[in-house]
Amino acid sequence: MKEFRMATALAAALLCAAPAAAQDIDAGAAQYKSTCRNCHGPTAKGLASYPKLAGQPLDYLVSRLKQYRAGDRLGPNTPLMAPQARDLSDEDILNIASYIVETY
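Predicted, not measured: the structure shown is a model, and the values here were computed from it.

S.K.: For the overall build of the chain, give the residues involved together with the corresponding values.
M.R.: Along its length, the chain carries 4 helices and 0 strands. When the helices and strands of the chain are listed from N to C terminus, the series reads α-α-α-α. Put simply, the chain has 104 residues, and 26% of those count as buried. In the chain, the proportion of contacts linking residues at least 24 apart, taken out of those at least 6 apart, comes to 53%. Surface summary for the chain: the accessible area is close to 6,900 Å², and the carbon and sulfur share equals 59%.

Encoded structure:
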């Protein structure tokens, strides 16, 4: 009986979480397409000196964006990335990173 209740609770949680996750991906897609795509390309594979984002793990992308937002110097593209990340919320960062990981 206890296992049944746990399974039911888990199923309910997953059903409730699915729409929120889709909404986050959609928000990340909109942000990526309006800002990130210009330099990192339409498939996140990078353009010119802008690095490939496709295939990177979620925690790496989140960490990098938070570091840029904080003003940390990470490499030669920091002067270009810091202003792009400055106004991103934690939620924005997670949405963008999730979109990249799920899509590319």
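Moving on from the coordinates now.
S.K.: Could you give me a rundown of the side chain of S98, with the residues and numbers involved?
M.R.: Inspection of the secondary structure assignment puts S98 in helix α4 (residues 90-103). Beyond its immediate sequence surroundings of up to four residues, S98 is in contact with I25 and L58.

S.K.: Got a sec to walk through the environment of K33? Specific residues and values, please.
M.R.: By the secondary structure assignment, K33 is in helix α1 (residues 2-40). Note on K33: relative accessible area 46%, which makes it partly exposed. In sequence terms K33 and T43 are 10 residues apart; their C-alpha atoms lie 10.0 Å from each other.

S.K.: Quick rundown of the side chain of N95? Include the residues and the values.
M.R.: Relative to the helices and strands, N95 is located in helix α4. Once you skip the residues sitting within four places of it in the chain, N95 turns out to touch D24, A27 and G28.

S.K.: Residues and numbers for a nonpolar patch on the surface, please.
M.R.: A cluster of nonpolar residues, L58, L94 and V101, forms a patch on the protein surface that exposes about 210 Å² of accessible area. Note that V101 resides in helix α4.

S.K.: Could you give an account of helix α2 (residues 58-70), naming the residues involved and the relevant values?
M.R.: Think of an α-helix as turning once every 3.6 residues; residues three or four places apart then point the same way. For α2, spanning 13 residues, the distance from its first C-alpha to its last is 18 Å, which sits close to the expected 18 Å at 1.5 Å a residue. The complete set of buried residues in α2 reads L61, V62, L65 and Y68. Down the axis of α2, the buried set is contained in an arc of 130 degrees. They therefore lie on one face. In α2, those exposed residues whose orientation departs by more than 90 degrees from the buried face are D59 and A70. Looking at the buried residues of α2, the elements they touch are α3 (78-85) and α4. A positive phi of about 90 degrees marks G71, the residue just after α2.

Thresholds, definitions, all that
Residues numbered from 1 in each chain as written. Predicted model: local features only at pLDDT ≥ 70, side-chain atom pairs only at ≥ 80, totals over all residues. Heavy atoms only, no water. Helix = DSSP H or I, 4+ residues; strand = E, 2+ residues; numbered from the N terminus. Buried < 20%, exposed > 50% of the residue type's maximum accessible area, 1.4 Å probe, protein only. Contact = heavy atoms within 4.5 Å. Areas by Shrake-Rupley, 256 points an atom, 1.4 Å probe, with all protein chains shown as cover. Patch = residues over 30% accessible without salt bridge, like charges linked within 9 Å, V, L, I, M, F, W, Y side chains within 5 Å. Salt bridge = Lys/Arg side-chain N within 4 Å of Asp/Glu carboxyl O. Expected span 1.5 Å × (residues − 1). Arc of directions from axis to C-beta.

In short, geometric facts, not functional conclusions.
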